[in-house]
Amino acid sequence: MPTPRMNLDAYQIDTEPFYLSTGQEIAIAEAAYHDGTPLLLKGPTGCGKTRFMQYLAWRLQRPLVTVSCHDDLSTSDLVGRYLIRSGEAVWTDGPLTMAVRAGAICYLDEIVEARKDTTVVIHPLADDRRQLPIEKRGELLTAPPEFMLAISYNPGYQSVLKDLKTSTRQRFVALSFDYPEPDKEVEIVCREGGLAPEMAKSLVKLAVMTRGLKDSGLVEGASTRLLILAGQLIGRGIEVKTACRAAISEALTDDRELLAALDEMVSSLF
Ligand code: ADP
């Protein structure tokens, strides 16, 4: 029995999200969309990949279905499964199938976290066939032109072992994201964290310093997201150093020496 298209109104983004462009990413992504080519976003966590997808979905007027991938994510979690309802097995589409049927944008966040057998299901969807096999139903879905697949991964901390297979990544147009340059990051932190420019400038300086600690054992420096969180705490009246400790330092590490180094950086700025 054909499954009816789901109404994805709830996934539609009606209001323009604030997104500060950092390069050619909007033009490239739009061109890829019109060519039916999937997108690969790479970059550290908290640097704007999700926000970019929200902005793109708004521009293209397509619903955005986001899946945060994890190492337990199975093919059924993406494609769908039979559920027993009132003693009857009823098919329920997973988010990927739902997005394909509705011609939405499906964003698989941190794809390399997912099991290898799970990522295999996106292969025929990512190449020229643009098809999604639903094995349990014996159904082969062809994606409508409006459908777009986007995946992201963080080349920084995800181990080489878990890196995307060449055969997977060569199907995508890749966009590299990084923390915005300081002036733009200040603008973002001001706006999203509700801060005065001077305070945002100091937070960005702090972030740049923490990013330099990567060689000393810090897995990743402070992301734009962490600066915004610190800004929000400050906006609620939390003292600056306390806010930086809670939103930035403690979020970045448990290591005492690194925490002490981060405290020093905070003290040198505030
Ligand atoms: P990622 O998906 O890369 O982990 P996010 O897109 O969630 O990161 O970014 C974290 C936050 O940083 C966003 O919610 C947004 O407030 C802010 N942000 C980062 N980059 C930008 C940007 N270029 N324009 C607007 N906001 C941004």
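Parameters and conventions
- Residues numbered from 1 in each chain as written.
- Predicted model: local features only at pLDDT ≥ 70, side-chain atom pairs only at ≥ 80, totals over all residues.
- UniProt positions renumbered as here; feature names shortened; annotations may be inferred.
- Pairing = 2+ DSSP bridges.
- Helix = DSSP H or I, 4+ residues; strand = E, 2+ residues; numbered from the N terminus.
- Domains from an automatic or database assignment.
- Contact = placed C-beta atoms within 7 Å.
- Nonpolar A, V, L, I, M, F, W, Y, C, P; charged D, E, K, R; others polar.
- Buried ≥ 20, exposed ≤ 12 C-beta atoms within 10 Å, placed from the backbone.
- Expected span 1.5 Å × (residues − 1).
- Core = buried A, V, L, I, M, F, W, Y, C linked by C-beta atoms within 7 Å.
- Axes fitted to C-alpha atoms, helices over the stretch in contact; angles between N-to-C directions.
- Parallel < 35°, antiparallel > 145°, perpendicular 65-115°, else oblique.
- Left-handed = near helix turned anticlockwise from the far one by under 90°.

An unreviewed UniProt entry lists the protein chain under the name CbbQ/NirQ/NorQ/GpvN family protein, with Desulfobulbus oligotrophicus given as the organism. Looking at the Sequence similarities (unreviewed entry) heading of the UniProt record, one finds this comment for the protein chain: "Belongs to the CbbQ/NirQ/NorQ/GpvN family."

Q: An account of the pairing of strand β4 (residues 88-93) is requested, with residue identities and associated values reported.
A: Sheet faces and side chains relate simply in a regular strand, where the side chains alternate between the two faces. In terms of strand pairing, strand β3 (residues 80-85) meets β4 through six bridges, oriented antiparallel. From the neighbouring strand, Arg 81 faces β4, where its bridge partner is Thr 92. Between the end of β3 and the start of β4, which pair antiparallel, lie two residues, with Ser 86 showing a positive phi angle near 50 degrees.

Q: Help me get a handle on the domain arrangement of the protein chain, residues and values and all.
A: Parsing the protein chain into structural domains produces domain 1 (8-176) and domain 2 (182-269). One C-alpha centre belongs to domain 1, the other to domain 2, and the line joining them spans 31 Å. Contacts between the two partners involve ten residues from domain 1 and, on the opposite side, ten residues from domain 2. Looking at the side of domain 1 that touches domain 2 residue by residue, the classes come out as five nonpolar, five polar and no charged.

Q: Go over the environment of Gly 156, please, and point to the residues and values.
A: Looking at the element boundaries, Gly 156 is found in the loop between β8 (148-153) and α7 (166-169). Exposure remark for Gly 156: the 14 C-beta atoms within 10 Å place this residue in the partly exposed category. Considering only alpha carbons, one finds Gly 156 and Pro 182, 26 residues apart in sequence, at a separation of 20 Å.

Q: Outline helix α8 (residues 182-193), supporting the account with residue identities and numerical values.
A: Because the α-helix completes a turn every 3.6 residues, residues three or four places apart line up on one side. When the terminal C-alpha atoms of α8 are compared, their 15 Å separation across twelve residues agrees well with the 16 Å that a helix rising 1.5 Å per residue should span. Of the positions making up α8, those classed as buried are Glu 185, Val 186, Ile 188, Val 189, Cys 190 and Gly 193. Backbone geometry just after α8 places Gly 194 at a positive phi near 65 degrees.

Q: How would you summarise helix α4 (residues 95-102) if you had to cite specific residues and measurements?
A: In terms of burial, α4 is largely enclosed, as seven of its eight residues are buried. Restricting attention to buried positions, one finds in α4 the residues Leu 96, Thr 97, Met 98, Ala 99, Val 100, Arg 101 and Ala 102. One or two residues past the end of α4 sits Gly 103, with phi positive at roughly 65 degrees.

Q: Describe in detail the UniProt feature "domain: CbbQ/NirQ/NorQ C-terminal" (unreviewed entry) in the protein chain, supporting the description with residues and values.
A: With numbering aligned to this structure, UniProt lists the feature "domain: CbbQ/NirQ/NorQ C-terminal" (unreviewed entry) at residues 185-267. Taken end to end, residues 185-267 is 73% helix and 0% strand, and its first and last C-alpha atoms sit 21 Å apart.

Q: So what's going on with the nonpolar core? Residues and values would help.
A: Residues Ala 99, Ala 104, Ile 105, Cys 106 and Ala 150 are the most contacted members of the largest nonpolar core, which totals 47 residues. What Ala 99 contacts, discounting residues up to four positions off in sequence, is Val 65, Ala 104, Ile 105, Cys 106 and Phe 147. Formed by 26 residues, the second largest nonpolar core is a distinct cluster that contains Ala 207, Ala 222, Leu 233 and Ile 248.

Q: Lay out the pairing of strand β6 (residues 131-134) in plain terms, naming residues and giving numbers.
A: Taking every second residue as pointing to the same face, the buried face of β6 carries Leu 132 and Ile 134, while none of Gln 131 and Pro 133 on the other face is buried. Of the strand pairs in this sheet, β6 and strand β7 (residues 139-142) are connected by four bridges, and their pairing is antiparallel. Residue pairing across strands places Leu 132 opposite Leu 141, the latter belonging to β7. What sits between β6 and β7 in their antiparallel hairpin is a turn of four residues, with Gly 138 showing a positive phi close to 60 degrees.

Q: Now, about the packing of helix α10 (residues 224-235) against helix α11 (residues 240-252): what can you tell me, with residues and values included?
A: The relative placement of two packed helices comes down to the angle between their axes together with the axis-to-axis distance. At a closest axis distance of 9 Å, the pairing of α10 and α11 adopts a crossing angle of 150 degrees. Considering the angle they form, α10 stands roughly antiparallel to α11. Taken as a pair, α10 and α11 cross one another with a handedness that is right-handed. Packed against α10, whose contacting residues are Leu 226, Leu 229, Ala 230, Leu 233 and Ile 234, the element α11 presents Val 240, Ala 243, Cys 244, Ala 246, Ala 247, Ile 248 and Ala 251 at the interface. When its residues are assigned to classes, the contact of α10 with α11 shows twelve nonpolar, no polar and no charged.

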